[in-house]
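Working through the structure, step by step
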2 protein chains.
Amino acid sequence: MTQDLKSRIIGLVGHDLEQVEHALEAHLSPNLDLVRQIASHLLFSGGKRLRPLLMIHSARMCGYVNGFEIAFSTLFEYLHAATLLHDDVVDEASKRRGKDTAHSKWSVPKVVLTGDFLLARALDIASQTDLPGIIRVIANITQEMSQGEIDQMTQKGNVNLTEAQYLKVIERKTAVLIQGACQSGAILAGVSPEKEKALKDYGYHLGMAFQMADDLLDYTASAEVLGKNPGADIREGKLTLPLIKALESAGEKDRTFMTHMIENESLDDAQFEALKDLLFRYNGIDYTKERAAYHVTSAKNCLDGFEDSTSRQVLTLLADYSISRNV
Amino acid sequence: MTQDLKSRIIGLVGHDLEQVEHALEAHLSPNLDLVRQIASHLLFSGGKRLRPLLMIHSARMCGYVNGFEIAFSTLFEYLHAATLLHDDVVDEASKRRGKDTAHSKWSVPKVVLTGDFLLARALDIASQTDLPGIIRVIANITQEMSQGEIDQMTQKGNVNLTEAQYLKVIERKTAVLIQGACQSGAILAGVSPEKEKALKDYGYHLGMAFQMADDLLDYTASAEVLGKNPGADIREGKLTLPLIKALESAGEKDRTFMTHMIENESLDDAQFEALKDLLFRYNGIDYTKERAAYHVTSAKNCLDGFEDSTSRQVLTLLADYSISRNV
C-alpha cells in the first residue's frame, strides 16, 4: 500500500522533485564552501521535499501559472533544514536519516551558524516574492517554531504532560511550517481569503498527522527503517501521544513502571520492548493512529471546495502518505 | 571629551531611548517566560541602543513623521541581541558587559533557541512595516552576518590574515547591520534612491569605525571598562587590525614572537602586555585609530546632502561617538 501510494505520488511530482533539487543546489552555490558542505550534508540526505511540494501544488491548485513556484518553494526546505540543524544540536542527536548528524561531524558552533545562514537564505527567497503576506507567514513560523522547541525542551521528563500540551508542542514545532508552506502557495496564487483559509487548515491537519505518525514510528519502526535507533524520544525525555495516552489509561503499577522508564537515563532494549508492550496494551498506539487518521480525513475535507486537478490529487495523496510512510 | 559627547547625545535622544526601552519590553512580554528571561538577561544589560537610534534618526532626518519609527527600530536591537547570543555560544565567551554570558547561566541549547526566537521577533516586526525593501535589507543582513561569523571562525588562528580579509569580516559581522538600520530608516521615510544610498554609506562607514574602535579597546581598555578581560580576541585566535598591521611591519624576530603569542592558548598577562607594546611600536594601534577616524569622517561626509536638523546632529554625534566611547 505505501509503496503503491509512493509511486503514484512520484508519478505525478517526479519532474517537480527534479526541479526542486536543482533549485536547492543553485541557491546554495555562490556561498562559502564550509556552509555549503554542512548545509548539503543535511539537505541532500534523502529528504522527501514534502514542504516544497506542498507549496508548489497549493499554488497550482489555486490557479498559479507564473512559474516561480519551484524557486520560491525551496525556502520551506531551507527553513526546515535550518530548524533540523538547530534541533539536532539542542537534542544532542547523533544520527538523522541513517547518517551522522552535522554537529557530530563538524562542531556545534559551525552547525549553529549554518542553521542561521539557511534561515537567512529562506528569508531572502521569501523577500523575493515581494508579498508581505508570505513574509508575515514566515515570521510567524519562525517565532512559533523556536517557542515550540523551547517549550518541548522545558517539558522534557515531565510525566504529567497532557494531550493538550503535546498538541500545542507539535503544532508549533511541525504543523506551523507545513501549514505555512500551503498557505504561502495560496498567497502566491492570490486566492480568496476563504480558499487561503482552507489551505491553511489543510496544512495544519496534515502537519499534525505527520508528526503523530513520526511519533508512532519512534516506537514501532526498526532502526534500519528509521535511520536511527527507535526510542529516541523517550530516551530524551520527550513524551509523545502514544505514551501520554498509555500513562492516562494504565493502572497504578504499570504507570509507575512507565514513569521509571521515562526517568531511566540508560533504558536498555528489553526495557524499551516492555514499555512498548504497555503502549499497545493501554491503547496508546491505536489511539495515536486514530487521531492521525482523523487529521488526514480533516485535511482532505479541506480540499472539497477546490476543483479537481492534478495538484488537488497530489495534495490528497500527500495527506494519505503522511501517515502511511515508513520513514 | 567622551563624557561631553555622551551627554550631548543623551540630551538629544534621551526621550527616544526611554521609548525604545518600553518598546523592547512590550514586544517581548506575551512570550514564554524562559525566553523572556534569557533574552532580557542580554537585552537589558546596558546596551547603548545604537542601532535603534540610527534607524529612528535616519528616518526622521529623511522627513519621516508617522510615529512608527520607535516600534520598528526595536527590530535592529532584537537582531543584534540574537547574533550576540549565538556569537557568545560560538566563541564560548564567559562574560559580556560585565555579566556572565547567557549560555554560562542557562544551557547552550536554550540560548541557541532564544537567539532563534529573537531573530524571528525581529523578522515579525520587519514584516509589520509592509515594506518589501526593508525585508530585503533584513534578509541580506542575516545572510551576511552568518557568513561573516563562519568566515571569522574558519580564519581563527590564521596568522596570515590580510587587512582586506579583516575588512570583509568586520563589514559582514558588524557594518552590515548598522548600515541596514540606517538604510531601513531611509526606506521607511520613502526618500530618493540617492539619499537612501547616502544613508547606507553613512551606516557602512560608521559600522566599520565602530568595529575598529571595538577591536582597539580589546587591547587598550581595562577589564573594568570593558566588562570582560582585555585580550579576548587574541586568546580566541581572532586577528584584528592592530595585530595584522603590527605583524606586517615587524621584523623577523618580533613577528615570530607575535606568531607564538597567537598560537599560545594560555597567554598570561605579562605576555599580553609584551604583545601590546609591539602593537604600539609597530604602528598597529595608531594605524587602526587612523583608519577608524577615516571612516568617521567619511560617515559624516555622507550627511552633507541633508538639511540641518536635530536628527542630522544626532547622526553626526553618533559618528564621533563610535570611536570615542570607552565601552
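Before going into details, it helps to say that this report is about the structure given with it. Worth saying up front: this structure is predicted, and the values here are computed from it rather than measured.

The next subject is the overall build of chain A. For chain A, the helix and strand inventory stands at 16 helices and 2 strands. For chain A, the C-alpha radius of gyration of 20 Å lies close to 20 Å, the compact-globule estimate for 327 residues. For chain A, the spread of C-alpha atoms along the three principal axes comes to 60 × 45 × 35 Å. Considering chain A as a whole, with its 327 residues, one finds that 61% of them fall into the buried category. Counting contacts in chain A only where the partners sit at least 6 residues apart, residues at least 24 apart contribute 76% of the total. Entry remark: accessible area of chain A is about 12800 Å², with carbon and sulfur atoms responsible for 48%. Between the centroid of the 35 positive side chains of chain A and the centroid of its 45 negative side chains there is a distance of 1 Å.

By size, the foremost hydrophobic cluster in this structure holds 163 residues, and its most contacted members are Leu 54, Leu 118, Leu 199 and Tyr 202 of chain A together with Leu 54, Leu 118 and Tyr 202 of chain B. Leaving out residues up to four positions away in the same chain, Leu 199 of chain A has contacts with Ser 58, Met 61, Cys 62, Cys 182, Ala 186, Leu 303, Phe 306 and Leu 315 of chain A.

What follows deals with the pattern of salt bridges. All names here are of chain B. Counted by the stated rule, this structure contains 34 salt bridges over all chains. Notably, a salt bridge pairs Arg 49 with Glu 77, separated by 3.0 Å at the nearest N-O pair. Of this pair, Arg 49 sits in the loop between helix H2 (33–43) and helix H3 (50–61) while Glu 77 sits in helix H4 (residues 69–91), and the two are 28 residues apart along the sequence. Here Arg 49 and Glu 77 have matching classes, each one buried. Asp 201 is paired through a salt bridge with Lys 197; the nearest N and O atoms lie 2.7 Å apart.

Turning to the interface of chain B and chain A, a few remarks are in order. Contact with chain B, which involves 34 residues of that partner, is made by 34 residues of chain A. Interface of chain B and chain A: buried area, both sides summed, is about 3400 Å²; carbon and sulfur atoms make up 75% of it. Interface area lost by chain B to chain A is led by Leu 113, Gln 143 and Ile 150 of chain B, which between them contribute 17%. For the pair chain B and chain A, the interface holds 2 salt bridges.

Moving on: helix H1 (residues 2–26) of chain B. Residues and elements named next belong to chain B. Counted at 1.5 Å a residue, the expected span for H1 with its 25 residues is 36 Å, but the 32 Å between its end C-alpha atoms falls short. The largest bend in H1 amounts to roughly 65° and is located at Val 13. Buried residues of H1: Thr 2, Leu 5, Ile 9, Val 13, Asp 16, Leu 17, Val 20, Ala 23 and Leu 24, and no others. The elements touched by buried residues of H1 are H2, H3, H4 and helix H16 (310–324).

So, about the relation of the copies chain B and chain A. Overlaying chain B with chain A gives an RMSD of 0.0 Å, the required rotation being 180° about an axis along which the chain moves by 0.0 Å. The transformation relating the two chain copies, once decomposed into turn and shift, fits a two-fold axis. Across chain B, the smallest distance between a C-alpha and the rotation axis is recorded for Pro 132 of chain B, namely 3.4 Å. Same-surface contact between copies: 100% of interface residues of chain B are shared with the interface of chain A.

Further remarks concern helix H15 (residues 284–301) of chain B. The end-to-end C-alpha separation of H15 of chain B is 26 Å, in line with the 26 Å expected for 18 residues at 1.5 Å each. What H15 of chain B keeps buried is the set Gly 284, Ile 285, Tyr 287, Thr 288, Ala 292, His 295, Val 296, Ser 298 and Ala 299 of chain B.

Our next topic: empty space enclosed by the protein. Over the atoms, a rolling probe the size of a water molecule traces out where space has been left empty. Enumeration over the complete set of coordinates arrives at 5 cavities of 30 Å³ or more. Considered as a void within the structure, the largest cavity measures approximately 150 Å³ in volume. Lining the largest cavity are 14 residues, with Thr 83, His 86, Leu 119 and Thr 142 of chain A together with Asp 116 of chain B sitting closest to its centre. For the lining of the largest cavity, the leading source of residues is helix H4 (residues 69–91) of chain A, giving 5 residues. Class assignment for the residues of the lining of the largest cavity results in 5 nonpolar, 5 polar and 4 charged.

Residues other than glycine seldom take positive phi values, yet Arg 49 of chain A does so here, at roughly 60°. Take Arg 49 of chain A: its relative accessible area is 3%, and that puts it in the buried class. The residue Asn 283 of chain B is not glycine, and still its phi comes out positive at about 75°. Relative to the helices and strands, Asn 283 of chain B resides in the loop between helix H14 (269–281) and H15.

What follows concerns the environment of Lys 289 of chain A. All names here are of chain A. Mapped onto the elements, Lys 289 comes out in helix H15 (residues 284–301). Judged by relative accessible area, which is 46%, Lys 289 ranks as partly exposed. For the pair Lys 289 and Ala 209, spaced 80 residues apart in sequence, the C-alpha separation works out to 8.8 Å.

A word on the side chain of Ser 184 of chain B. In this structure, Ser 184 of chain B sits in helix H8 (residues 163–189). With relative accessibility at 0%, the residue Ser 184 of chain B sits in the buried group.

Right, let's get into the packing of helix H6 (residues 108–128) of chain A against helix H7 (residues 132–154) of chain A. Residue and element names in this part refer to chain A. Direction vectors running N to C along H6 and H7 enclose 160°, while the axes themselves pass 9 Å from each other. Relative to H7, the element H6 lies roughly antiparallel. Crossing of H6 over H7 shows right-handed handedness. For the pair formed by H6 and H7, the contact residues are Leu 119, Ala 126 and Ser 127 on the first element and Ile 134, Ile 135, Ile 138 and Thr 142 on the second. The residue inventory of the contact of H6 with H7, partitioned by class, reads 5 nonpolar, 2 polar and no charged.

Time to look at the packing of aromatic side chains. Remark: the centre distance and the inter-plane angle together describe each pair of aromatic rings, the angle taken between the planes. Residues and elements named next belong to chain A. A complete count under the given rule lists 4 aromatic pairs over all chains for this structure. Where Tyr 219 meets Phe 272, the ring centres are 5.8 Å apart and the plane angle is 10°; that geometry is what we call stacked. Here Tyr 219, found in helix H9 (residues 193–220), pairs with Phe 272, found in helix H14 (residues 269–281); they are 53 residues apart in sequence, far enough to count as distant. The buried category is assigned to Tyr 219, whose relative accessible area is 0%.

All names here are of chain A. Counting through the fold element by element, Ile 9 comes out in helix H1 (residues 2–28). C-alpha separation for the pair Ile 9 and Leu 315, spaced 306 residues apart in sequence, amounts to 9.3 Å. Ignoring any residue separated from it by four or fewer positions in sequence, one finds Ile 9 in contact with Gly 14, Leu 317, Leu 318 and Tyr 321.

About the criteria used
- Residues numbered from 1 in each chain as written.
- Chains lettered and ligands numbered in written order.
- Predicted model: local features only at pLDDT ≥ 70, side-chain atom pairs only at ≥ 80, totals over all residues.
- Heavy atoms only, no water.
- Helix = DSSP H or I, 4+ residues; strand = E, 2+ residues; numbered from the N terminus.
- Rg over C-alpha atoms; globule rule 2.2 N^0.38 Å.
- Buried < 20%, exposed > 50% of the residue type's maximum accessible area, 1.4 Å probe, protein only.
- Contact = heavy atoms within 4.5 Å.
- Areas by Shrake-Rupley, 256 points an atom, 1.4 Å probe, with all protein chains shown as cover.
- Lys, Arg positive; Asp, Glu negative; His and termini not counted.
- Charge placed at Lys NZ, Arg CZ, Asp CG, Glu CD.
- Core = buried A, V, L, I, M, F, W, Y, C linked by side-chain atoms within 4.5 Å.
- Salt bridge = Lys/Arg side-chain N within 4 Å of Asp/Glu carboxyl O.
- Buried area = accessible area lost by both parts, 1.4 Å probe.
- Expected span 1.5 Å × (residues − 1).
- Bend = angle between axes of the 7 residues up to and from the residue.
- Least-squares fit on C-alpha atoms with pLDDT ≥ 70 in both.
- 1 Å grid on protein atoms, 1.4 Å probe; cavity = no way out; pocket = protein on both sides within 12 Å on 5 of 7 lines; lining within 4 Å.
- Points joined across faces, edges and corners; volume = space filled by probe spheres on them.
- Nonpolar A, V, L, I, M, F, W, Y, C, P; charged D, E, K, R; others polar.
- Axes fitted to C-alpha atoms, helices over the stretch in contact; angles between N-to-C directions.
- Parallel < 35°, antiparallel > 145°, perpendicular 65-115°, else oblique.
- Left-handed = near helix turned anticlockwise from the far one by under 90°.
- Phe/Tyr/Trp six-rings, centres within 6.5 Å; stacked < 30°, edge-to-face > 60°.

These values are about where atoms sit, not about what they do.
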